[in-house]
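# Analysis of the macromolecular model
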Amino acid sequence: MFGPRLDGGQGTIIRPPTREDYDTFVTWQLVPEVTRFWGPRFISRTPAETEERFKKDGESQTSISWSIAYQEETVGFTGLFDIDWVSRDGETGIFIGRHELYGKGIASEAVRLRMAYIWNELGLRRTHNWIALPNRGSWRANQKSGYAQIGTYPRSWFRSGEWVDEWLGEAFPHTFPKGNLPPPWRDDSSRGK
Amino acid sequence: MAVGGIIKGKRVTLRTPTEDDLGAYNRWMADMRVRHLARVWHEPAMPTTWKERLTEQTKDRDSVLWSIESEGALIGMVRIQFGWDNRQRAWIDQCVIDPTRWRKGLASDAMLALHRYLFDYLDLQRVNTTVRADNAAACRIADRLGYSEFAHGHEVFYRDGAYVDEIWLMMERATWDERWPKEREYQPMGNATTPPRSGPD
């Protein structure tokens, strides 16, 4: 399924993806600046298969997908995948496809919105993820919303003559910083009364 | 790929799964003893659904499924999944032994044979798996084979009224070579690979 629109700070929102977003996602995965820690940088998906993927993701009962927008422009995607509704666990992921926007806190804000939704609307009790260890921006964004490291997968990626390890993390509702709740779960209108 | 060929252990044989096996698959997936120990491949379903699943598996280029036999009887199934970006690595995704055959060393034999195939025939460089922390038999087999832990997830699976941890394991090719140097798919041929001369001396 696609996730609902959630508005964060500094112009960052997560919102249901559009069909056009899926075309953009494909092009990002072919760009060297944003694939250092992502996939093989080739793709075998036809436009018809992209259409099918869009439809499947929208119908999925075990995943939730969002586009990330910054100042109303789609700049990445995030989601929750392989949801186990019995154990109430799922794997999260995030991808920022516009490298010139790195360092602006967009990923941190998208993760905050995503995790707040997972804990407050889905009733999940655990999430987990994998992040390339040198991708500090990504795992720090996840740490700020309660992720903690549970292990390291050695030599996961080979890039430019060196092996890159991967950071494995997990998060629980009680590890989400209480003061970080975004609206609508934090009701600003009642503050100060 | 997709459905596996024959791999011989000492007491078990991994072989190509057939539609005749699917009734047993369904029974195992419905067995609470199995479900308490591992995530099931698929939920129990109608025979036609199982046939569709086997067809899909046969077409899948990223995973391989085998049935396991012992003394001519179907006793289990095993499935591997190749790494999504690295075909030299694989994950043991499923290993189910019929509960009536537990504690006879059959899973251990099947796993040794499978790993011999993965390292000595497919030339994989690493094999990974996950086990539930209370699955003592799986932990023992993994330890014997040479797996080491690289991560530990807390309270991951809900079963039997409580949560159980998940242990992430991996084994490198070097570990396999060191621990199991005599496990070979075929006897080495040495230098006896020169074609015989056809004419008289």
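Shown above is the structure to which this text applies.
First, a word on scope: everything that follows refers to the structure included in this document. In this text, all values refer to a predicted model and were calculated from it rather than measured experimentally.

### Considerations on the overall build of chain B
Check the secondary structure of chain B and you find six helices and nine strands. Referenced to the eigenvectors of the C-alpha coordinate spread, the extents of chain B come out at roughly 80 × 40 × 35 Å. Within chain B, counting contacts between residues at least 6 apart in sequence, those at least 24 apart form 60% of the total. For chain B, the computed accessible surface area is about 11000 Å², with 50% contributed by carbon and sulfur atoms.

### Focus: the environment of B:Ala110
All names here are of chain B. Positionally, Ala110 belongs in helix α4 (residues 106-121). Judged by its relative accessible area of 1%, Ala110 falls in the buried class. On a C-alpha basis, the gap between Ala110 and Gly76 in space is 9.5 Å, while along the polypeptide they are 34 residues apart. Once residues within four sequence positions are removed from consideration, Ala110 is found in contact with Val12, Leu14 and Ile68.

### As for the interface of chain A and chain B
Facing the 21 residues of chain A at the interface are 19 residues of chain B. Overall, the association of chain A and chain B removes approximately 1700 Å² of surface from exposure, summing both partners, and the carbon and sulfur fraction of that is 51%. Of the charged contacts in the structure, one is a salt bridge between B:Glu155 and A:Arg125, with a shortest N-O distance of 2.7 Å. Run the count over chain A and chain B and you get 12 residue pairs in polar contact (both at pLDDT 80 or more).

### Regarding helix α1 (residues 22-29) of chain B
All names here are of chain B. Within the span of α1, buried status applies to Leu22, Ala24, Tyr25, Trp28 and Met29. Along the axis of α1, the buried positions cluster into a sector of 155°, meaning they face one direction only. Looking at the buried positions of α1, the neighbouring elements they touch are α2 (32-37), α3 (47-59), β4 (63-70), β5 (73-82) and β6 (89-97).

### Some thoughts on the packing of aromatic side chains
Inspection of every chain in the model, using the stated rule, returns 33 aromatic pairs over all chains. With 6.4 Å between their ring centres and 55° between their planes, A:Phe2 and A:Tyr22 make a pair best called tilted. Note that A:Phe2 is positioned in the segment before β1 (6-7) and A:Tyr22 in helix α1 (residues 19-28), a separation of 20 residues in sequence. Assessed through its relative accessible area of 25%, A:Phe2 is described here as partly exposed. Within the aromatic cluster, the residues linked to one another by ring pairs are A:Phe2, A:Tyr22, A:Phe25, A:Trp28, A:Trp38, A:Phe54, A:Phe77, A:Phe95, A:Trp157 and B:Trp84.

### Some details on the pairing of β6(B)
Residue and element names in this part refer to chain B. As judged from the seven bridges shared by β5 and β6, these two strands associate in the antiparallel manner. Residue pairing across strands places Val78 opposite Cys95, the latter belonging to β6. If you look at the hairpin formed by β5 and β6, you'll find six residues sitting between the two strands. Summarising the sheet, β6 and strand β7 (residues 126-132) pair through four bridges and their orientation is parallel.

### Describing the pattern of salt bridges
Scanning all chains against the criterion turns up 31 salt bridges over all chains. Close ionic contact of A:Arg112 with A:Glu109 constitutes a salt bridge, the shortest N to O distance being 2.6 Å. Highlighted residues: A:Arg112 and A:Glu109, both in helix α3 (residues 106-122), separated by three residues, approximately one helical turn. Comparing A:Arg112 with A:Glu109 shows no difference in burial state: the two are buried. B:Arg27 is the partner of B:Asp98 in a salt bridge, and the nearest nitrogen-oxygen pair spans 3.5 Å. With a gap of 71 residues between them, B:Asp98 in the loop between β6 and α4 and B:Arg27 in helix α1 connect regions that are remote in the sequence. Taking relative accessible area as the criterion, B:Arg27 reaches 48% and is therefore assigned partly exposed. In the salt-bridge network here, residues are joined through shared partners; they are A:Arg5, A:Asp7, A:Arg15 and A:Glu72.

### Points about the packing of α1(A) against helix α2 (residues 47-59) of chain A
Residue and element names in this part refer to chain A. The geometry of α1 relative to α2 is characterised by a closest axis approach of 10 Å and an angle of 120° between their N-to-C directions. Comparing their axes, α2 and α1 come out oblique. At the point where α1 passes α2, the crossing takes the right-handed sense. The residues of α2 that touch α1, namely those facing Arg19, Tyr22, Asp23 and Val26, are Pro47, Thr50, Glu51, Arg53, Phe54 and Asp57. Considering only residue class, the contact of α1 with α2 consists of four nonpolar, one polar and five charged.

### Topic: the state of the cysteines
Disulfides are covalent bonds that link the sulfur atoms of two cysteine residues. Residue and element names in this part refer to chain B. Applying the stated rule across the entire model yields zero disulfides over all chains. Unpaired in terms of disulfides, Cys95 finds its nearest cysteine sulfur in Cys139, a separation of 13 Å. Looking at Cys95, the relative accessible area reads 31%, which means it is partly exposed. Given a relative accessible area of 25%, Cys139 falls into the partly exposed group.

### Concerning the nonpolar core
Core analysis: the largest hydrophobic core is formed by 36 residues, its most contacted members being B:Leu14, B:Trp66, B:Ile80, B:Ile92, B:Leu114 and B:Leu145. Elements supplying a minimum of two residues to this core: β4, β5, β6, α4, β7, α5 (136-145) and β9 (162-172) of chain B. When residues of this core are assigned to their parent elements, the largest contribution, 10 residues, is made by α4(B). When near neighbours in sequence (up to four residues on either side) are disregarded, B:Leu114 contacts B:Ile7, B:Leu14, B:Trp66, B:Val78, B:Ile80 and B:Ile92. Counting residues in each nonpolar core, the second largest holds 32 residues, with A:Ile83, A:Leu101, A:Met115 and A:Ile131 among its members.

So, how was this worked out
- Residues numbered from 1 in each chain as written.
- Chains lettered and ligands numbered in written order.
- Predicted model: local features only at pLDDT ≥ 70, side-chain atom pairs only at ≥ 80, totals over all residues.
- Heavy atoms only, no water.
- Helix = DSSP H or I, 4+ residues; strand = E, 2+ residues; numbered from the N terminus.
- Contact = heavy atoms within 4.5 Å.
- Areas by Shrake-Rupley, 256 points an atom, 1.4 Å probe, with all protein chains shown as cover.
- Buried < 20%, exposed > 50% of the residue type's maximum accessible area, 1.4 Å probe, protein only.
- Buried area = accessible area lost by both parts, 1.4 Å probe.
- Salt bridge = Lys/Arg side-chain N within 4 Å of Asp/Glu carboxyl O.
- Polar contact = N/O pair within 3.5 Å; in protein donor to acceptor, adjacent residues only side chain to side chain.
- Arc of directions from axis to C-beta.
- Phe/Tyr/Trp six-rings, centres within 6.5 Å; stacked < 30°, edge-to-face > 60°.
- Pairing = 2+ DSSP bridges.
- Axes fitted to C-alpha atoms, helices over the stretch in contact; angles between N-to-C directions.
- Parallel < 35°, antiparallel > 145°, perpendicular 65-115°, else oblique.
- Left-handed = near helix turned anticlockwise from the far one by under 90°.
- Nonpolar A, V, L, I, M, F, W, Y, C, P; charged D, E, K, R; others polar.
- Disulfide = S-S within 2.5 Å.
- Core = buried A, V, L, I, M, F, W, Y, C linked by side-chain atoms within 4.5 Å.

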